[in-house]
Amino acid sequence: MNRLVSMTINGEVRELAVTPNLTLLDALRSEGGLTGTKKGCDVGDCGACTIVMDGKPVNACLVLGIEAEGANIETIEGLQLAYDRPHPLQQKFMEFGGSQCDFCTPGIIMMSKALLDENPDPSEEEIRFALAGNICRCTGYTKIIDAVRATAEELRKAKTL
Amino acid sequence: MNTHERIDADFGDRDFTVVGKSVKRSDTLEKVTGTAKYAGDIALPGMLHAKMKRSNIAHARIKSIDTSKALALKGVKAVLTHQNVPRILHSGSPHPRSASVTKDQYILDDRVRYWGEGVAAVAATSEEIAERAIALIEIEYEPLPGVFTLEDALKPGAPSIHDNGLDQNNVLPPVLVMRGDVDKGFAEADLILEREYDLGRPTPAYMEPNVCVSLWDGNGKLTMWTSTQSAFMVRGTLAEVLGVPLNKVRVVVDHMGGGFGAKQDLFQHEFLCALLARQTGRPVKMEFSRKETFLGGRSRHPGKIWLKQGFTKGGRITAREARVTFNSGAYGSHGPGVTNVGTAALTSLYRCENVRLEGRCIYTNSPIAGAFRGYGVVQTYYALDLMMDEAAEKLGFDPAEFKLMNAVRDGDIAPSGHPIVGHGLEDCIRRAMEETDWHETRKGDKPEGIKRRGIGIGCEMHGSSAYPGIKEQGNAIVKMNEDGTVTLITGTAGLGTGAHTALSQIVAEELGVPFETVSVVQGDTDIVPWDIGAFASHTTYLGGRAAQLAAADVRRQILEHTAPMLEARAEELTIREGLVVSTGGSNRSIGLAEAVGPQRGMPAVQLVGVGTYMPTKSYSFAAHFAEVEVDTETGEVAVLQVVPVHEIGKVIHPIAAAGQIEGGIQQGIGHTLSEDYVIDLTNGRSLNPSFVDYKMPLSMDMPPIRTIILETAPDPGGPYGAKGVGEDPIIAIGPAIANAIYDAIGVRFRHYPITPENVLNALRAKNSETRQ
């Protein structure tokens, strides 16, 4: 039996028709048309489906669609300021080569956003810890960490200006 | 770290404007913003969802399949079993013109050969219904005796897994490689080492599970979106097996989430998805779960390597003999290629005139081993480099110096039969030693605490292209647009390595136009020229060269077309920053848009360049330095730092090249220390098909990596001298780590992965030895 669930997705109030056992990940991808959030394992092991829900990073595959009633959801698609203005994290991931096959990238960028929202000046250790649940199989993490650090620096600079 | 500053540019006298610069990758904006479309993102109106039923027995005959309950379930549209799919014998690794493929599989067979093999498929209106239907299919098996180890499969009278006419479950006749006189070589030796090395079963674990979507149109044409490295192989094999011509199969791969070699094969679901879509007349999506990606995927070949070498007191290798035995699992897949390449690799890396090598590949009732980054060479060079480290110590040499003394060099015959170009390996070893202050670092204090540190060096070389096993071909078309922009149409597949950016850079460089004016069309077999696929570290080398040739073709046409406008001869013209410039003294110039655009009411001139390239082979080289810390109480090994030095001829995109190296190191640390896809040796069942149980190094485990790229041995076969880099890093890191572990705790492991349990047991054994 489908149920309409209302939530704010990337600033827009939307109603998604979900069955009670549909994950938020599937709801976003199939009902919401938001395929930027990826399904790497569907059991909470890989972090590819990380989104920000009410300010906290979550694996969208471990949340049911119906649990998101009234929630504020941020996904990779909402990060870009305009079609030609990527978010500083997206910008730095491009510059530093933080994305290769890219399947993990949306989740890693959302996790990094949650980290930087909470801690604008993370150490390398803190970045590594924050990304401990996000599997990347292409980069060795070096360039991801460079990109997150460079973003933090840029955002701090922008604030002090 | 800025990789830019670490490029040693030694090649050529030309000033590069685009090549060698880390331009912004042309595909990353859509990637970082989540708009890039992967096969799994495709949703079509009326689309059905398909699931596969997998065997829960490793070796059996199917006595009966009852699909009536599944078919009766509301929402189920079709069920396929071996009884109603075409029975056509085909190979899993369908490379054309290659002798090394084994036709040994059917879409669905009346027999299963490994635990988790697909035996039936269902298409239904939802994934959930398809899953329920799968559970309702009733199968009666007649068990057959299973063989799960090389020893069992090789026993005389062992059950045959395939009826291919070869004894003892051989996938192919033994590969024999001989040079010089081995017996004479051993007779000259002062030291002979004979060892056996045991290799585990790492698996690529790409992030995107296998997935495809099939759609048949009203004219009987199939379009398939699939996650593959070799779209044209998928097209060719689907056409063959489905009995339709090539122009009725279109394969689309816009983006893919990693493959690392394994996604060169055709998998059962690609056939089944196409058949289900044809039968139901509706689009069908078939997506593996993560567990299925383990079960039905392709691993690296586990195996055993017996290696014997003779050395003189002076440190020369007098003879090398090896028996390489790979475990192919239930099907041949890339077994023949891996066995050939891995075995032949032992002719080289460290010089030896007298060589006798035998390579075998054996069927067992285990998960299928296929192509995986490093392609047999990960295994054989692990054994070879570890033995070199051991021999150095026994002969009283420093291990790095010993490897440098014996390193292959310019003119030596490579495994492919070609002479090696340049001194790449020596350059890498020397630079790694300098960069890490090798001799001083080794002399340093070694505290006998709980945590002990050690350093090691590991070396490798690897070919760009699969020649001579396969004669490859890359093709490109470059179109000049009337506003001066350029469209590159390439068959080269993108695995996520940044290949299309590198190809655009090459085109921009060759044409003399800004990088931003080049756009790429790729990933659609109906549009792009034929390509063999993305593998064998050959994308830049092969596809890049084809793109360069196509661009050179257009450049020639532009200059000929523009010559009358500038009242000059074509040979006196060049293109710089989008301007056609006369170099013949007049200094006249004209913008490209003006030169090629419409003139006085006449349409623009049509300039299209074509490039076809069939390479032979070149070799890239690497030496990796690794520092480890071994916890003698827990047995854990932490890699503290890695300094990889790679010689790759010419760097096209420094950040992308370094990204390949660092990612390869991550996977290599994995198979050396923790990654092993394990089966129960009593029944063939997979024991760890999940990311929780299959342990990969993640953000907290990865050390800092200081990447150094050399351009000291450019190859005339690659664009601007460029060679491959994709596979090299995963080969060198393993021996570097194993040798560093020896330096730390004095135990020589001869297997991978070296787990904490192995370390503790070895330390315990060592301590009891010392006490006695």
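Residues numbered from 1 in each chain as written. Chains lettered and ligands numbered in written order. Predicted model: local features only at pLDDT ≥ 70, side-chain atom pairs only at ≥ 80, totals over all residues.

### A short note on the overall build of chain B
Working step 1: Of regular secondary structure, chain B possesses 19 helices and 30 strands.
Working step 2: Here chain B has a C-alpha radius of gyration of 27 Å; the compact-globule value for 772 residues is 28 Å, and the two agree.
Working step 3: Based on the C-alpha atoms only, the size of chain B along its principal axes is roughly 95 × 75 × 50 Å.
Working step 4: The buried share of chain B, reckoned over its 772 residues, is 61%.
Working step 5: Intrachain contacts of chain B at a sequence separation of at least 6 include 81% that bridge at least 24 residues. (Helix = DSSP H or I, 4+ residues; strand = E, 2+ residues; numbered from the N terminus. Rg over C-alpha atoms; globule rule 2.2 N^0.38 Å. Buried ≥ 20, exposed ≤ 12 C-beta atoms within 10 Å, placed from the backbone. Contact = placed C-beta atoms within 7 Å.)

### So, the interface of chain B and chain A
Working step 1: Contact residues are listed per partner, giving 42 residues for chain B and 41 residues for chain A.
Working step 2: Every element with two or more residues in the side of chain B that touches chain A is listed here: helix 1 (28-32) and helix 17 (654-673) of chain B.
Working step 3: At seven residues, the largest contribution of residues to the side of chain B that touches chain A is made by helix 17 of chain B.
Working step 4: A per-class count over the side of chain B that touches chain A returns 19 nonpolar, 16 polar and seven charged. (Nonpolar A, V, L, I, M, F, W, Y, C, P; charged D, E, K, R; others polar.)

### Quick look at the domain arrangement of chain A
Interface size, as often reported, equals the accessible area lost upon joining of the parts.
Residue and element names in this part refer to chain A.
Working step 1: Assigned domains of chain A: these are domain 1 (3-78) and domain 2 (88-160).
Working step 2: For domain 1 and domain 2, the distance between their C-alpha centres works out to 21 Å.
Working step 3: At the interface, 14 residues of domain 1 touch twelve residues of domain 2.
Working step 4: Where the side of domain 1 that touches domain 2 is concerned, the elements lending two or more residues are strand 3 (50-53) and strand 4 (56-59).
Working step 5: If one sorts the elements of the side of domain 1 that touches domain 2 by residue count, strand 3 sits on top with three residues.
Working step 6: Considered class by class, the residues forming the side of domain 1 that touches domain 2 number seven nonpolar, five polar and two charged. (Domains from an automatic or database assignment.)

### Quick notes on the sheet that holds strand 22 (residues 518-521) of chain B
All names here are of chain B.
Working step 1: Pairing in this open sheet of four strands is mixed, and the strands run 22-21-20-26 from one edge to the other. The open sheet has two edge strands with one neighbour each: strand 22 and strand 26 (607-613). Averaged over neighbouring strand pairs, the angle between their axes works out to 20° when direction is ignored.
Working step 2: Where strand 20 (residues 474-480) meets strand 21 (residues 486-490), five bridges bridge the pair, whose relative direction is antiparallel. (Pairing = 2+ DSSP bridges. Axes fitted to C-alpha atoms, helices over the stretch in contact; angles between N-to-C directions.)

### Brief notes about the environment of N84 of chain B
Working step 1: Along the chain, N84 of chain B falls in the loop between strand 4 (76-81) and strand 5 (90-91).
Working step 2: Sequence separation between N84 of chain B and T492 of chain B is 408 residues; the distance between their C-alpha atoms is 36 Å.

### Side note on unusual backbone geometry
All names here are of chain B.
Working step 1: In this model, Y467 is joined to P468 through a cis peptide bond whose omega is 5°.
Working step 2: Mapping P468 onto the fold places it in the loop between strand 19 (451-464) and strand 20.
Working step 3: Here Y752 and P753 are connected by a cis peptide whose omega angle stands at -5°.
Working step 4: Within the secondary structure, P753 is located in the loop between strand 30 (751-752) and helix 19 (756-771).

### Comments concerning the packing of helix 9 (residues 335-344) of chain B against helix 10 (residues 377-395) of chain B
Residue and element names in this part refer to chain B.
Working step 1: Running from amino to carboxyl end, helix 9 crosses helix 10 at an angle of 25°, the nearest separation of the two axes being 8 Å. Taken together, the axis directions place helix 9 and helix 10 in an arrangement best described as roughly parallel. Taken as a pair, helix 9 and helix 10 cross one another with a handedness that is right-handed. For the pair helix 9 and helix 10, contact is made by V341, G342 and T343 and by V377, Q379 and T380, respectively.
Working step 2: Looking at the contact of helix 9 with helix 10 residue by residue, the class counts come to two nonpolar, four polar and no charged. (Parallel < 35°, antiparallel > 145°, perpendicular 65-115°, else oblique. Left-handed = near helix turned anticlockwise from the far one by under 90°.)

### Quick word on the nonpolar core
Working step 1: Counting 294 residues, the largest nonpolar core has A50, V122, L272, L276, V507, I737 and I741 of chain B as its most contacted members.
Working step 2: In this structure, this core is formed jointly by two domains, domain 1 (3-78) and domain 2 (88-160) of chain A, each of which donates at least three residues.
Working step 3: For A50 of chain B, the contacting residues outside a window of four places in its chain are A121, V122, A123, A130, L272, C273, L276, V284, K285 and M286 of chain B. (Core = buried A, V, L, I, M, F, W, Y, C linked by C-beta atoms within 7 Å.)

### Looking at the packing of helix 11 (residues 399-406) of chain B against helix 12 (residues 424-435) of chain B
The axes of two packed helices give the description: the angle between them and the distance between them.
Residues and elements named next belong to chain B.
Working step 1: Contact geometry of helix 11 with helix 12 gives a least axis separation of 9 Å together with a crossing angle of 160°. By the criterion of interaxial angle, the relationship of helix 11 to helix 12 is roughly antiparallel. Regarding helix 11 and helix 12, the two cross each other, and that crossing is left-handed. Here helix 11 contributes A400, K403 and L404 to the contact with helix 12, which in turn contributes E426, I429, R430 and M433.
Working step 2: Broken down by class, the residue content of the contact of helix 11 with helix 12 amounts to four nonpolar, no polar and three charged.

### Notes on the confidence of the model for chain B
All names here are of chain B.
Working step 1: In this model, chain B carries a mean pLDDT of 94, and residues with pLDDT of at least 70 account for 97%.
Working step 2: Counted against residues more than four places away or in other chains, residues 1-12, with its pLDDT under 50, gives 28 contacts.
Working step 3: If you check the scores for this complex, the pTM reads 0.96 and the ipTM reads 0.97. (pLDDT = per-residue confidence, 0-100.)

### Section: the sheet that holds strand 3 (residues 60-66) of chain B
Residues and elements named next belong to chain B.
Working step 1: Taken in spatial order, the three strands line up as 7-3-9 in an open sheet, and their pairing is antiparallel. Looking at which strands have only one partner, the edges of the open sheet turn out to be strand 7 (111-112) and strand 9 (138-143).
Working step 2: Where strand 3 and strand 9 come together, six bridges link them in antiparallel fashion. Counted as the bridge partner of I62 is Y141 from strand 9.

### With respect to helix 10 of chain B
Working step 1: Between its terminal C-alpha atoms helix 10 of chain B stretches 26 Å, which fits the 27 Å expected from 19 residues at 1.5 Å a residue.
Working step 2: Buried residues dominate helix 10 of chain B, accounting for 15 of its 19 residues. (Expected span 1.5 Å × (residues − 1).)

### Things to note about the environment of Q105 of chain B
Residue and element names in this part refer to chain B.
Working step 1: Secondary-structure assignment places Q105 in strand 6 (residues 103-105).
Working step 2: Residue classification places Q105 among the buried positions, given that 23 C-beta atoms sit within 10 Å.
Working step 3: Through-space distance from the C-alpha of Q105 to that of H162 is 9.4 Å; in sequence the pair is 57 residues apart.
Working step 4: Setting aside anything within four residues of it in sequence, one finds Q105 in contact with H90, G92 and Y331.

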